[in-house]
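Coordinate inspection notes
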Amino acid sequence: MQANLAQDAKGTVRIVTIDIATKATHEYAYQLSTGSGVSEIVALNDHQFLVDERDGKGLGDGSKAVAKQLFMIDLNGAASVDGVARLNAASPSVSKSLFLDLVPLLKANGYAANQIPAKIEGLAFGADVTINGVLNHTLYVANDNDFSAGAGDNKFFVFGVTDADLAKAGASYVPQAISTVPEASSYAMFLAGLCMIGLTVRRERSEIFKA
């Protein structure tokens, strides 16, 4: 969930997992650290994830960005909160550790705090690349400008994450496998969607950084 549910305490959000084979669901509590909410989650493997915590400050808000952080969490051994009516800071929560602190890293690469997008809301792993003989998993981080001129163009920041970086966090990366092939009609809808995106997106900027 992006924010706490109405019955839960502020700063405590729920993660819901769904087993697509059995349809079984589980809920876990997640405690916010610095951000006002969770905007994205991406899988590292079948039990470890990167979670995007952010505030609403930065370009588009007329202020300076403060909190844009990615935390690594592990659901292995985490206590479920299935059936718990109300969650708070004392609820058993998933373990987490800071993986990537975006604001100082972007500032070190020439971005003023008031030019860092306020709404960092997209995470995705791309193709692996080799840089100076070291394999890097490319992590794409994107913002949502809500089609607002004041928020600037959509930006895509690309970070190189090595296996050594992951090992320091006690994590590993396993690419997600594609197990199904869309029907022909699905391809047609997909291509139509790409055409619509091409018509609505004004400009995109891509930049690459080394974490």
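What counts as what
- Residues numbered from 1 in each chain as written.
- Predicted model: local features only at pLDDT ≥ 70, side-chain atom pairs only at ≥ 80, totals over all residues.
- Heavy atoms only, no water.
- 1 Å grid on protein atoms, 1.4 Å probe; cavity = no way out; pocket = protein on both sides within 12 Å on 5 of 7 lines; lining within 4 Å.
- Points joined across faces, edges and corners; volume = space filled by probe spheres on them.
- Nonpolar A, V, L, I, M, F, W, Y, C, P; charged D, E, K, R; others polar.
- Patch = residues over 30% accessible without salt bridge, like charges linked within 9 Å, V, L, I, M, F, W, Y side chains within 5 Å.
- Areas by Shrake-Rupley, 256 points an atom, 1.4 Å probe, with all protein chains shown as cover.
- Salt bridge = Lys/Arg side-chain N within 4 Å of Asp/Glu carboxyl O.
- Helix = DSSP H or I, 4+ residues; strand = E, 2+ residues; numbered from the N terminus.
- Buried < 20%, exposed > 50% of the residue type's maximum accessible area, 1.4 Å probe, protein only.
- Contact = heavy atoms within 4.5 Å.
- Phe/Tyr/Trp six-rings, centres within 6.5 Å; stacked < 30°, edge-to-face > 60°.
- Pairing = 2+ DSSP bridges.
- Axes fitted to C-alpha atoms, helices over the stretch in contact; angles between N-to-C directions.
- Polar contact = N/O pair within 3.5 Å; in protein donor to acceptor, adjacent residues only side chain to side chain.

**A word on the layout of surface pockets**
- Taken as a whole, the largest pocket holds about 230 Å³ of empty space.
- Residue lining of the largest pocket: A43, L44, N45, D46, F49, V174, P175, Q176 and A177, and that is the complete set.
- Along the lines of polarity and charge, the residues of the lining of the largest pocket split into 6 nonpolar, 2 polar and 1 charged.

**Some remarks on a nonpolar patch on the surface**
- Nonpolar side chains collect at one region of the surface, where M1, V16, I18 and I20 lie side by side and expose about 440 Å² of accessible area between them.
- Tracing the backbone shows V16 in strand β1 (residues 12-18).
- On the basis of relative accessibility, which here comes to 39%, the residue V16 falls in the partly exposed class.

**Considerations on the side chain of D55**
- Relative to the helices and strands, D55 is located in the loop between β4 (48-54) and β5 (68-74).
- For D55, a relative accessible area of 10% puts it in the buried group.
- Leaving out residues up to four positions away in the same chain, D55 has contacts with G35, S36, V66, A67, K68 and A118.

**Regarding the environment of Y173**
- Within the secondary structure, Y173 is located in the loop between α2 (163-168) and α3 (184-200).
- Given the relative accessible area of 15%, Y173 is considered buried.
- Along the primary structure Y173 and H137 are separated by 36 residues, whereas in three dimensions their C-alpha atoms are 8.4 Å apart.
- In contact with Y173, not counting residues within four places along its chain, are L44, F125, D128, H137 and L166.

**Examining the packing of aromatic side chains**
- Counting across every chain of the model gives 2 aromatic pairs.
- Their ring planes at 80° and their centres at 5.5 Å tell us that Y111 and F157 sit as a pair that is edge-to-face. Separated by 46 residues along the polypeptide, Y111 in the loop between α1 (102-108) and β7 (120-131) and F157 in strand β9 (residues 154-161) bring together distant segments of the chain.
- The exposure class of Y111 is buried, given its relative accessible area of 10%.
- With 4.5 Å between their ring centres and 40° between their planes, F125 and Y173 make a pair best called tilted.

**Brief notes about the sheet that holds β4**
- Taken together, 4 strands build an open sheet; the order of strands is β3-β4-β5-β6 and the sheet is antiparallel. The sheet is open, and its two edges are formed by β3 (37-43) and β6 (95-101), each paired on a single side. Ignoring strand direction, the axes of neighbouring strands in this sheet form an average angle of 30°.
- Across 6 bridges, β3 lies against β4 in antiparallel orientation. By the bridge assignment for β4, V42 is matched with L50.

**Some points on the side chain of N136**
- Tracing the sequence through the fold places N136 in strand β8 (residues 134-143).
- In this structure the side chain of N136 is engaged in a polar contact, spanning 2.9 Å, whose partner is the backbone oxygen of V134.

**Remarks on unusual backbone geometry**
- At N132, a residue that is not glycine, the phi angle is positive and equals roughly 50°.
- By secondary structure assignment, the location of N132 is in the loop between β7 and β8.
- In this structure, F147 takes a positive phi of about 55° despite not being glycine.
- Following the sequence through the fold, F147 ends up in the loop between β8 and β9.

**Topic: the pattern of salt bridges**
- Summed over all chains, the structure comprises 7 salt bridges.
- For the salt bridge of K96 with E53, the shortest nitrogen-to-oxygen distance reads 2.6 Å. With K96 in strand β6 and E53 in strand β4, this pair connects stretches of sequence that are 43 residues apart.
- You can call E53 buried: its relative accessible area is 0%.
- We note a salt bridge from K119 to D146, for which the minimum N-O separation is 2.6 Å. With K119 in the loop between α1 and β7 and D146 in the loop between β8 and β9, this pair connects stretches of sequence that are 27 residues apart.
- Owing to a relative accessible area of 25%, K119 belongs among the partly exposed residues under this scheme.
- Overall, D146 belongs to the partly exposed group, its relative accessible area being 42%.
- Each of R54, K119, E121 and D146 takes part in one network of salt bridges that share partners.

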